[in-house]
Amino acid sequence: MAESQHQAKPKVIVFDVNETLLDLEQMQGSVAKALDGNTQLLPLWFSTMLHHSLVSTVSNDYHDFADIGVAALMMVASNNQISLTKEQAKQAIVPPLLSLPAHTDVKPALAQLKQDYKLVSFTNSSNNGVKAQFQHAGLTDYFTHRYSVEDIKVYKPDLRAYKWLLEQLNVAPHEALMVAAHGWDVAGAKQAGMQTAFIARPGKALYPLAKQPDYIVKNLEELALLLAQK
């Protein structure tokens, strides 16, 4: 499945966190339980959360991503006549979110990539949240830095978020490779001038109207193999 275009070797590789590096399955289970076991509502909850993160951005009214997730879960529950308190929604999301395991392909790929590249993460989650996630999943030592939109209060895929990241890294857009399992994230990064890699995890698709990513692979080990050939 690997596809790639001819691009120069990047100076830094930027990783999205949730779903790209971390497996959300156990959190999906707790969220589905909060929704009376209706797993069909999970995609609606996630898209509602993303939708309202952008509402926060365009209305200049920043809220923590986890708080938006809780609010979105309460909205989906209400619209489907499911009784759910704010505390119940929080318990369904936050503890599981902070204790997610890494996908099985992640550590072998990061170990290989770290030999040749500077690795950083860039997430819509909070600084404290991703710190706890990396500690639990054993990913901390693979990265030179963790970046969060919390510091700029503009959610990805707003172009200002990627511009801010590139300023922190002190690199030109084409010198950074954004890696994500979300079509909207690679679309934003590509529009910002970055190199992009789409990790086609199950259930994930590219946005057909966006510019094509430079790499399309099924997992991070496949991406590491392609980059090793640079």
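Everything numeric here is computed off the predicted structure, so don't read it as measured data.

**As for the side chain of Thr 57**
Part 1: Assignment of secondary structure puts Thr 57 in helix H2 (residues 42-58).
Part 2: Looking at Thr 57, the relative accessible area reads 9%, which means it is buried.
Part 3: Apart from residues no more than four positions distant in its own chain, Thr 57 is found in contact with Val 154, Tyr 155, Asp 158 and Arg 160.

**Structural notes on helix H5 (residues 106-114)**
Part 1: Those residues of H5 lying buried are Val 106, Ala 109, Leu 110 and Leu 113. Viewed along the axis of H5, the buried residues span an arc of 100 degrees, placing them on a single side of the element.
Part 2: Those residues of H5 hidden inside the fold are in contact with strand E2 (12-15), strand E3 (118-123) and helix H9 (220-228).

**Section: helix H7 (residues 159-169)**
One turn of the α-helix equals 3.6 residues, which is why residues spaced by three or four share an orientation.
Part 1: For H7, the full list of buried residues reads Ala 161, Tyr 162, Trp 164, Leu 165, Leu 166 and Leu 169.
Part 2: Of the surrounding elements, those touching the buried residues of H7 are E2, E3, strand E4 (145-148), strand E5 (176-180) and helix H8 (183-191).
Part 3: A distance of 2.8 Å separates the backbone nitrogen of Arg 160 from a side-chain oxygen at the start of H7, and that oxygen is part of Asp 158.
Part 4: Immediately beyond the C-terminal end of H7, within one or two residues, lies Asn 170, with a positive phi of roughly 60 degrees.

**Considerations on the pattern of salt bridges**
A pair can form between side chains of opposite charge whenever their charged atoms are brought close.
Part 1: A complete count under the given rule lists eight salt bridges for this structure.
Part 2: Between Lys 156 and Asp 16 there is a salt bridge, and its shortest N-O distance comes to 3.1 Å. Here Asp 16 lies in the loop between E2 and helix H1 (25-34) and Lys 156 lies in the loop between E4 and H7, a separation of 140 residues in the sequence. Across this residue pair, the class does not change: Lys 156 and Asp 16 are buried.

**Details of the environment of Asp 36**
Part 1: The topology assignment puts Asp 36 in the loop between H1 and H2.
Part 2: Residue classification places Asp 36 among the exposed positions, given a relative accessible area of 62%.
Part 3: Measuring from C-alpha to C-alpha, the distance between Asp 36 and Ile 82 comes to 7.2 Å, with 46 residues separating the pair along the chain.

**Remarks on the environment of Thr 196**
Part 1: Secondary-structure assignment places Thr 196 in strand E6 (residues 195-199).
Part 2: The exposure class assigned to Thr 196 is buried, which follows from its relative accessible area of 0%.
Part 3: C-alpha separation for the pair Thr 196 and Ile 93, spaced 103 residues apart in sequence, amounts to 29 Å.

**A word on the packing of aromatic side chains**
Part 1: With the rule as written, the count across this model stands at eight aromatic pairs.
Part 2: Plain terms: the ring middles of Tyr 62 and Tyr 155 are 5.2 Å apart, the flat faces sit at 20 degrees to each other, and that makes the pair stacked. Note that Tyr 62 is positioned in the loop between H2 and helix H3 (65-79) and Tyr 155 in the loop between E4 and H7, a separation of 93 residues in sequence.
Part 3: For Tyr 155, a relative accessible area of 0% translates into the label buried.
Part 4: Where Tyr 147 meets Trp 164, the ring centres are 6.1 Å apart and the plane angle is 85 degrees; that geometry is what we call edge-to-face. One end of the pair, Tyr 147, is in strand E4; the other, Trp 164, is in helix H7, with 17 residues separating them in the sequence.
Part 5: A relative accessible area of 14% means that Trp 164 is categorised as buried.
Part 6: Ring pairs connect the aromatic residues Phe 122, Tyr 147, Tyr 162 and Trp 164, which therefore count as one cluster.

**Some thoughts on the pairing of E4**
Part 1: Where E3 lies against E4, four bridges are found, and the strand directions are parallel. The residue of E4 that forms the bridge with Val 120 is His 145.
Part 2: Read from E3 through helix H6 (residues 127-137) to E4, the crossover connection turns out right-handed.

**Concerning the nonpolar core**
Part 1: Ranked by internal contacts, the top residues of the largest apolar core, which has 76 residues, are Phe 15, Trp 45, Leu 73 and Leu 139.
Part 2: With seven residues, H3 is the largest single contributor of residues to this core.
Part 3: Core analysis: the second largest hydrophobic core is formed by five residues, Val 186, Phe 198, Ala 200 and Ile 216 among them.

**Brief notes about the pairing of E6**
Part 1: Most of E6 sits out of view: five of its five residues are buried.
Part 2: Here E6 shows a buried face lined by Gln 195, Ala 197 and Ile 199 and a second buried face lined by Thr 196 and Phe 198.
Part 3: Where E5 meets E6, four bridges bridge the pair, whose relative direction is parallel. In the strand pairing of E6, Met 178 is matched with Thr 196.
Part 4: Between E5 and its parallel partner E6, the chain crosses via H8, and the hand of that crossover is right-handed.
Part 5: The pairing of E6 with strand E7 (residues 215-217) spans three bridges and is classified as parallel.

Here is what the cut-offs are and how they apply
- Throughout this description, residue numbers start from 1 for each chain and increase along the sequence as written.
- It should be noted that, the model being predicted, local features are given only for residues of pLDDT at least 70 and side-chain atom pairs only at 80 or more, the latter also being counted only at that level, while totals for whole chains, interfaces and linings use all residues.
- To get the side-chain values, all heavy atoms of the structure are used, and hydrogens and water are removed first.
- Helix numbers and strand numbers start at the N terminus; a helix is a DSSP run of H or I with at least 4 residues, a strand a run of E with at least 2.
- Burial classes: relative accessible area under 20% of the type maximum marks a residue as buried, over 50% as exposed, and values in between as partly exposed (1.4 Å probe, protein chains only).
- By the convention used here, residues are in contact when the closest approach between their heavy atoms is within 4.5 Å.
- Arc, as used here, means the arc of the directions from the helix axis to the C-beta atoms.
- Under the rule applied, a polar contact is a pair of N or O atoms within 3.5 Å (in protein, one hydrogen donor and one hydrogen acceptor; residues adjacent in sequence only if both atoms are side-chain atoms).
- Any Lys or Arg side-chain nitrogen found within 4 Å of a carboxyl oxygen on Asp or Glu counts as a salt bridge.
- By convention, a stacked pair of Phe, Tyr or Trp rings (six-membered ring in the case of Trp) has centres within 6.5 Å and planes under 30 degrees apart, an edge-to-face pair has planes over 60 apart, and any other such pair is tilted.
- Following DSSP output, two strands are said to pair if at least two bridges run between them.
- Seen with the strands pointing away from the viewer, any crossover whose path from the first strand over the helix to the second strand runs clockwise is right-handed.
- Among the buried residues, those of types Ala, Val, Leu, Ile, Met, Phe, Trp, Tyr and Cys that are joined through side-chain atoms within 4.5 Å form a nonpolar core.

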